[in-house]
Amino acid sequence: DTGVSQNPRHKITKRGQNVTFRCDPISEHNRLYWYRQTLGQGPEFLTYFQNEAQLEKSRLLSDRFSAERPKGSFSTLEIQRTEQGDSAMYLCASSLILRGQETQYFGPGTRLLVL
Amino acid sequence: AQKVTQAQTEISVVEKEDVTLDCVYETRDTTYYLFWYKQPPSGELVFLIRRNSFDEQNEISGRYSWNFQKSTSSFNFTITASQVVDSAVYFCALSEVISSGSARQLTFGSGTQLTVLP
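Residues numbered from 1 in each chain as written. Chains lettered and ligands numbered in written order. Predicted model: local features only at pLDDT ≥ 70, side-chain atom pairs only at ≥ 80, totals over all residues. Heavy atoms only, no water.

Moving on to the overall build of chain B. Along chain B, the regular secondary structure elements total zero helices and 12 strands. For chain B, the succession of helices and strands along the chain, N to C, is β-β-β-β-β-β-β-β-β-β-β-β. A principal-axis box enclosing the C-alpha atoms of chain B has dimensions of 50 × 30 × 20 Å. The buried share of chain B, reckoned over its 118 residues, is 47%. For chain B, restricting intrachain contacts to residue pairs at least 6 apart in sequence, the fraction spanning at least 24 positions comes to 56%. About 5600 Å² of surface is accessible on chain B, with carbon and sulfur atoms providing 48% of the total. Between the mean site of the 9 positive side-chain charges and the mean site of the 13 negative ones, chain B shows a separation of 5 Å. (Helix = DSSP H or I, 4+ residues; strand = E, 2+ residues; numbered from the N terminus. Buried < 20%, exposed > 50% of the residue type's maximum accessible area, 1.4 Å probe, protein only. Contact = heavy atoms within 4.5 Å. Areas by Shrake-Rupley, 256 points an atom, 1.4 Å probe, with all protein chains shown as cover. Lys, Arg positive; Asp, Glu negative; His and termini not counted. Charge placed at Lys NZ, Arg CZ, Asp CG, Glu CD.)

Summed over all chains, the structure comprises 23 aromatic pairs over all chains. On the basis of an interplanar angle of 90 degrees and a centroid distance of 6.1 Å, the ring pair of F91 of chain B and F108 of chain B is categorised as edge-to-face. Of this pair, F91 of chain B sits in strand β10 (residues 88-97) while F108 of chain B sits in strand β11 (residues 104-108), and the two are 17 residues apart along the sequence. Each member of the pair, F91 of chain B as well as F108 of chain B, carries the same accessibility label: buried. Among the aromatic side chains, those forming a connected cluster through ring pairs are Y33, Y35, F45, Y48, Y105 and F106 of chain A together with F35, Y37, F47, F91 and F108 of chain B. (Phe/Tyr/Trp six-rings, centres within 6.5 Å; stacked < 30°, edge-to-face > 60°.)

Let us now look at the environment of T112 of chain B. Residue and element names in this part refer to chain B. Considering the arrangement of structural elements, one finds T112 in strand β12 (residues 112-117). You can call T112 buried: its relative accessible area is 0%. For the pair T112 and F91, spaced 21 residues apart in sequence, the C-alpha to C-alpha distance is 6.7 Å. Once residues within four sequence positions are removed from consideration, T112 is found in contact with Q6, Q8, T9, I11, L21, A88, V89 and Y90.

The next thing to look at is the pairing of β12 of chain B. Residue and element names in this part refer to chain B. Of the two faces of β12, the one holding T112, L114 and V116 is buried and the one holding Q113, T115 and L117 is not buried anywhere. The pairing of strand β2 (residues 10-14) with β12 spans five bridges and is classified as parallel. Bridge pairing links E10 to Q113 in β12. (Pairing = 2+ DSSP bridges.)

Bringing the interface of chain B and chain A into the picture now. Between chain B and chain A, the residue contacts involve 24 residues of the former and 24 residues of the latter. Each partner contributes to the roughly 1900 Å² buried at the junction of chain B and chain A, and carbon and sulfur atoms together form 50% of this total. At the junction of chain B and chain A, the tally comes to four residue pairs in polar contact (both at pLDDT 80 or more). Residue assignment for the side of chain B that touches chain A shows that the elements contributing at least two residues are β5 (33-39), β6 (46-52) and β11 of chain B. Class assignment of the residues belonging to the side of chain B that touches chain A gives a composition of 11 nonpolar, 10 polar and three charged. (Buried area = accessible area lost by both parts, 1.4 Å probe. Polar contact = N/O pair within 3.5 Å; in protein donor to acceptor, adjacent residues only side chain to side chain. Nonpolar A, V, L, I, M, F, W, Y, C, P; charged D, E, K, R; others polar.)

With that settled, the discussion passes to the state of the cysteines. Residue and element names in this part refer to chain A. For the structure shown, the criterion picks out two disulfides over all chains. One disulfide bridge connects C23 with C92, the sulfur atoms lying 1.8 Å from each other. With the S-S bond torsion at -65 degrees, the cross-link from C23 to C92 turns out left-handed. With C23 in strand β3 (residues 19-24) and C92 in strand β9 (residues 88-95), this residue pair connects regions lying 69 residues apart in the sequence. (Disulfide = S-S within 2.5 Å.)

Residue and element names in this part refer to chain A. Inspection of the secondary structure assignment puts S94 in strand β9. Of note is the side chain of S94, whose polar atom sits 3.3 Å from the backbone nitrogen of I26. Engagement of the side chain of S94 in a polar contact is seen with the side chain of H29, the distance being 2.8 Å. Once you skip the residues sitting within four places of it in the chain, S94 turns out to touch V4, P25, I26, H29, R31, L32, T103, Q104 and Y105.

This paragraph deals with the nonpolar core. A general trend in soluble globular proteins is that nonpolar side chains are found buried together. Core analysis: the biggest nonpolar cluster contains 23 residues, and W36, F75, F77, Y90 and L114 of chain B have the highest contact counts within it. Elements with a contribution of two residues or more to this core: β2, β3 (19-21), β5, β8 (64-69), β9 (74-79), β10 and β12 of chain B. At four residues, β10 of chain B tops the list of elements feeding residues into this core. Discounting residues that sit within four places of it in the chain, F77 of chain B has contacts with V19, T20, L21, W36, L48, Y64, S65, W66 and Y90 of chain B. By size, the runner-up hydrophobic cluster in this structure holds 19 residues, among which are C23, L61, F65 and V114 of chain A. (Core = buried A, V, L, I, M, F, W, Y, C linked by side-chain atoms within 4.5 Å.)

The subject of this paragraph is a nonpolar patch on the surface. Residue and element names in this part refer to chain A. A contiguous nonpolar patch, built from I12, L113 and L115 and spanning about 300 Å² of accessible area, is present on the exposed surface. The residue L113 is located in strand β11 (residues 110-114) in this model. With a relative accessible area of 40%, L113 lands in the partly exposed category. (Patch = residues over 30% accessible without salt bridge, like charges linked within 9 Å, V, L, I, M, F, W, Y side chains within 5 Å. Salt bridge = Lys/Arg side-chain N within 4 Å of Asp/Glu carboxyl O.)

If you want it as structure tokens, here you go:
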């Protein structure tokens, strides 16, 4: 059973460009989360999917951010018109509820640098 | 609002010493979960343990042990006989109910950088 995978692992872009990240969750996990982690801080919740439905977005997710999970499998996170403040590690996690309990398993992250 | 505090920003120990990482949390939920994750230099968060709020029994797994005390809202993590490979950032996290459904987002502390010297 493979873990959560994310691509690309690193992305360098110029301010104003659009970027897209992909997350492939653990097979059969129906929940998928996106988090953002800046240097020296813990991850912060961005958004969450159950199957293909996006059920929650945090206030950190500005209008320039959009996430999709079209078939309830992989997910993409797009940032439009990137700003230097978007530079961070973007982490994806997936989970499956077993006997009413849930544990999120994280991918390796995509490190974004906006110049 | 939920909050997790890891007051120790950095800890440095010599190999084979025991070390305890502190975690204090705040929540209004009566049911919640607490977690510890390890983040090595590679960046991937590795799940270590989940503890339910209604289960205050301490847990031991090899060199790792966890002390959950609801009365003081603490969930501390002890590594016995530390090894160089234990060097990483350790995060304590609290899961809360997301307003639109039953799933739970994680609220993380700011992490403790543990360095184990040979």
